[in-house]
Amino acid sequence: PMTETITTIEEWRRVARRLRREGRSLGFVPTMGALHRGHAALLERSKAENDVTVASVFVNPAQFDDAGDLDAYPRTLEEDRALLANLRVDHLFAPDRGAIYPDDYRFRVTERELSTVMEGAHRPGHFDGVLTVVLRLLGIIRPTRAYFGEKDYQQYLLVRDLAAAFFLETEIVPCPTVREPDGLALSSRNVRLSAEARALGGRFARRLAGPGPAAQVQRDLEAMGVDVQYVEERFGRRFAAVVIGGVRLIDNVAID
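This section reports on the structure supplied with the text. Along each chain, the written sequence defines residue order, and numbers are assigned to residues from 1. pLDDT decides what is reported in this predicted model: residues at 70 or higher carry local features, side-chain atom pairs at 80 or more are listed and counted, and totals for whole chains, interfaces and linings draw on all residues regardless. Heavy atoms throughout the structure, all of them, feed into the side-chain values; hydrogens and water do not.

Details of the packing of aromatic side chains
Then, in step 1: For Phe, Tyr and Trp, rings pair up if their centres lie within 6.5 Å, where Trp contributes its six-membered ring, and each pair is then called stacked (planes under 30 degrees apart), edge-to-face (over 60) or tilted (otherwise). On inspection of all chains with the given rule, the structure shows six aromatic pairs.
Then, in step 2: Ring centres of Phe58 and Tyr101 lie 6.2 Å apart, and the angle between their planes is 45 degrees; on these two criteria the pair is classed as tilted. Of this pair, Phe58 sits in the loop between β3 (52-57) and α3 (67-72) while Tyr101 is found in the loop between α5 (97-100) and α6 (119-122), placing the two residues 43 residues apart along the sequence. For the pair formed by Phe58 and Tyr101, the shared burial category is buried. Only DSSP runs of H or I reaching four residues or more are called helices, and only runs of E reaching two or more are called strands; each is numbered from the N terminus. We call a residue buried when its accessible area falls under 20% of the maximum for its residue type, exposed when it is over 50%, and partly exposed in between, using a 1.4 Å probe and counting protein chains only.

What to know about the sheet that holds strand β2 (residues 26-31)
Then, in step 1: Pairing within the open sheet is parallel, and its six strands lie in the order β1-β4-β3-β2-β5-β6. Each having just a single partner strand, β1 (4-6) and β6 (171-175) make up the two edges of the open sheet. When the angles between neighbouring strand axes are averaged without regard to direction, this sheet yields 25 degrees.
Then, in step 2: Paired strands, in this sense, are two strands between which DSSP finds at least two bridges. Sheet topology places β3 next to strand β4 (residues 91-93); three bridges connect them, and they run parallel. Counted as the bridge partner of Ala55 is Leu92 from β4.
Then, in step 3: Contacts between residues were defined by any pair of non-hydrogen atoms, one from each residue, lying within 4.5 Å. Structural elements are reduced to axes, namely lines fitted to C-alpha atoms, with helices fitted over the stretch in contact, and the angle between N-to-C directions of any two is expressed from 0 to 180 degrees. Those strands touched by helix α1 (residues 9-21) are β1, β2, β3 and β4, and its axis lies near 125 degrees from that of β1.
Then, in step 4: Relative to the sheet, helix α7 (residues 126-141) contacts β2, β3, β4, β5 (145-149) and β6, its axis offset from that of β2 by approximately 150 degrees.

Some words on the pairing of strand β9 (residues 247-254)
Then, in step 1: Across the eight residues that make up β9, a large majority, seven, are buried.
Then, in step 2: Across eight bridges, strand β8 (residues 237-244) lies against β9 in antiparallel orientation. What sits directly across from Val243, in β9, is Arg248.
Then, in step 3: Taking the residues between adjacent antiparallel strands as the criterion, β8 and β9 are bridged by two residues, where Gly245 takes a positive phi near 60 degrees.

What to know about the environment of Asp66
Then, in step 1: Note that Asp66 resides in the loop between β3 and α3.
Then, in step 2: In sequence terms Asp66 and His126 are 60 residues apart; their C-alpha atoms lie 9.7 Å from each other.
Then, in step 3: There is a polar contact of 2.8 Å between the side chain of Asp66 and the backbone nitrogen of Gly68. Under this definition, polar contacts are N or O atom pairs within 3.5 Å; protein pairs additionally need one hydrogen-donor-capable and one acceptor-capable atom, and for neighbouring residues in sequence, both atoms have to be side-chain atoms.

Structural notes on helix α9 (residues 195-208)
Then, in step 1: The end-to-end C-alpha distance of α9 is 20 Å, a good match for the 20 Å that 14 residues give at a rise of 1.5 Å each.
Then, in step 2: Within α9 the residues assigned to the buried category are Ala197, Leu200, Gly201, Gly202, Phe204, Ala205, Arg207 and Leu208.
Then, in step 3: Against the buried residues of α9 lie α10 (214-223), β8 and β9. One fewer than the residue count of a helix, multiplied by 1.5 Å, yields its expected span.

Remarks on the pattern of salt bridges
Then, in step 1: Just to be clear on terms, a salt bridge is a Lys or Arg side-chain nitrogen sitting within 4 Å of an Asp or Glu carboxyl oxygen. Considering all chains together, one arrives at 20 salt bridges under this definition.
Then, in step 2: The partner of Asp65 in a salt bridge is Arg123, with the nearest N and O atoms 3.2 Å apart. Placement of Asp65 in the loop between β3 and α3 and of Arg123 in the loop between α6 and α7 is noted, with a sequence separation of 58 residues between them.
Then, in step 3: Asp65 sits in the partly exposed class, given a relative accessible area of 39%.
Then, in step 4: A salt bridge links Arg234 to Glu232; the shortest N-O distance between them is 2.9 Å.
Then, in step 5: A residue is classified by how much of its surface remains accessible, and Arg234, at 30% relative accessible area, is partly exposed.
Then, in step 6: Taking the relative accessible area as the measure of exposure, Glu232 reaches 25% and is therefore partly exposed.

Structural measurements only, silent on function.
Encoded structure:
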């Protein structure tokens, strides 16, 4: 069966009401499109754990602190649709900006602690945009479970705590990072890396997962020619953001 594309909230609500009447569980994978194997892993997990799966594709303008980054973000809806059909995902929710922000982002969610460090410190307003769009999407979709990749672990923790703070019934499920054979975490941004930068990306990922304290990891990365924004250890994990060949990459690994 083809993946059914839904673009309006009203149309989705009709589907959701039917699913609730039938007592079917609903898994949700929110994305900004440019889907890859990392997204596919989230969708397969959702399909394994729920009766019905819906993915959303919405490039969220509120979470970009740099207008150029928003313009450069890949938009590949036809390819995304093909990947979803291939995985036999039941529904694609692909709203326009007006559907998600009828208030033009007048109401927004602000978190005051975890969102101020690491990614929050380097991308002002980013997590307000993420949490606001996630709250809106969860309010529209009303899934049983929603799936988030651990590559964005700081985002996962914030979304988990958001769901608890606003008494949402959705279970927030973290999924392990999917990596290339050389260790580089899959990301929609990787397609922008030159061959040389791509090779350095693999070395970055391997060093991040290697031994030694954060300061040593940072020095080693800088010695390789990587532009390091931060390497920090929190929550039993080591986090990093770097710029390689003009492309900003983030990653994190569990540490003992």
